[in-house]
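# Coordinate analysis (summary)
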Amino acid sequence: MKLYLMRHGEAESYAKADSARALTNTGRAAVASKASLLPAIDQMIVSPYLRALQTADILVGEGVSVNHRLVEDRVLPDCEVMPILESLIDTKRKNQLIVAHNPLLSYLVRLLCGAQVGQVSLATANIACLEADIFQPECASLLWIK
């Protein structure tokens, strides 16, 4: 089973609320350029923040096939990780994608892959591909980050 973790594209530096920050043109282009890295997705979990929703929309617009899309407030920048592992990641799905934020996503990579990855930090529009039979702490392998 593969889990793809994608950080949203570059966003505006200011909006009335952090959740309302939109992608910049540079951010949109960077997201579009990464769509070809993704296979058909069985489940996409997306943060409700505007920049994450726009990132997910761009991926679909660029041809990424998604069977099930879930907007989930448990994937915000500073959310707890264990509820994601315990109830959001579905072990019956072959390819899953979480579109969200740092520090959450970088922390997830480090937690799931353990010492093998060191101090990984996903830049905007980066995708990490992890593989495991079950997604629990230190049970996954990091295949790539692009």
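All values reported here derive from a predicted model rather than from experimental measurement.

Note that the residue after asparagine 102, namely proline 103, is joined by a cis bond; omega there is 5 degrees. Mapping proline 103 onto the fold places it in the loop between strand S4 (95-100) and helix H4 (104-113). With a phi close to 65 degrees, alanine 125 is a non-glycine residue in the positive phi region. Here alanine 125 shows up in the loop between H4 and strand S5 (127-131). Even without a glycine there, the phi angle at glutamate 138 is positive, about 60 degrees. Tracing the backbone shows glutamate 138 in the loop between S5 and strand S6 (141-145).

Glancing now at the nonpolar core. Core analysis: the largest hydrophobic core is formed by 27 residues, its most contacted members being Leu5, Ile98, Leu130 and Phe135. When contributions to this core are tallied by element, the ones reaching two or more residues are strand S1 (2-7), helix H3 (82-88), S4, H4 and S5. If one sorts the elements of this core by residue count, H4 sits on top with seven residues. In this structure, isoleucine 98 is in contact with Leu3, Tyr4, Leu5, Met6, Ile45, Val75, Ile84 and Leu105, ignoring residues within four places of it in sequence. With 19 residues, the next largest nonpolar core counts Tyr4, Ile58, Leu59 and Val64 among its residues.

Running from N to C, helix H1 (residues 25-34) and helix H2 (residues 50-61) cross one another at 45 degrees; their axes reach a closest spacing of 9 Å. Considered as vectors, H1 and H2 are oriented oblique to each other. H2 is crossed by H1, and the crossing has right-handed handedness. For the pair formed by H1 and H2, the contact residues are Arg28, Val31 and Ala32 on the first element and Gln54, Thr55, Ile58 and Leu59 on the second. Its residues placed into classes, the contact of H1 with H2 shows four nonpolar, two polar and one charged.

Turning our attention to the sheet that holds strand S3 (residues 66-71). Strand order in the open sheet formed by six strands is S3-S2-S4-S1-S5-S6, and the pairing between neighbours is mixed. Among the strands making up the open sheet, the edge pair consists of S3 and S6. The average angle at which neighbouring strand axes cross in this sheet is 20 degrees, direction not considered. By the bridge criterion, five bridges tie S1 to S5 in an arrangement that is antiparallel. Looking at S5, one finds that tyrosine 4 is bridged to cysteine 129.

Following the criterion strictly, the structure yields five salt bridges and no others. Its salt-bridge partner being arginine 21, residue aspartate 18 comes within 2.9 Å of it at the nearest N-O pair. Measuring nitrogen to oxygen at the nearest pair gives 2.9 Å for the salt bridge that ties arginine 69 to aspartate 57. Remark: aspartate 57 occurs in helix H2 and arginine 69 occurs in strand S3; sequence separation between them is twelve residues. A relative accessible area of 44% places aspartate 57 in the partly exposed class. Taken together, the salt bridges that share partners define one network made up of Asp18, Arg21 and Arg51.

This brings us to H2. In a regular helix each residue adds 1.5 Å, so twelve residues correspond to 16 Å; H2 covers 16 Å between its end C-alpha atoms and thus fits that length. Arg51, Ala52, Gln54, Thr55, Ala56, Ile58 and Leu59 are the residues of H2 that are buried. Summarising the contacts, the buried residues of H2 are in contact with S1, H1, strand S2 (41-46), S3 and S4. Positioned one or two residues after H2, glycine 63 has a phi angle of 105 degrees, which is positive.

Thresholds applied
- Residues numbered from 1 in each chain as written.
- Predicted model: local features only at pLDDT ≥ 70, side-chain atom pairs only at ≥ 80, totals over all residues.
- Heavy atoms only, no water.
- Helix = DSSP H or I, 4+ residues; strand = E, 2+ residues; numbered from the N terminus.
- Core = buried A, V, L, I, M, F, W, Y, C linked by side-chain atoms within 4.5 Å.
- Buried < 20%, exposed > 50% of the residue type's maximum accessible area, 1.4 Å probe, protein only.
- Contact = heavy atoms within 4.5 Å.
- Axes fitted to C-alpha atoms, helices over the stretch in contact; angles between N-to-C directions.
- Parallel < 35°, antiparallel > 145°, perpendicular 65-115°, else oblique.
- Left-handed = near helix turned anticlockwise from the far one by under 90°.
- Nonpolar A, V, L, I, M, F, W, Y, C, P; charged D, E, K, R; others polar.
- Pairing = 2+ DSSP bridges.
- Salt bridge = Lys/Arg side-chain N within 4 Å of Asp/Glu carboxyl O.
- Expected span 1.5 Å × (residues − 1).

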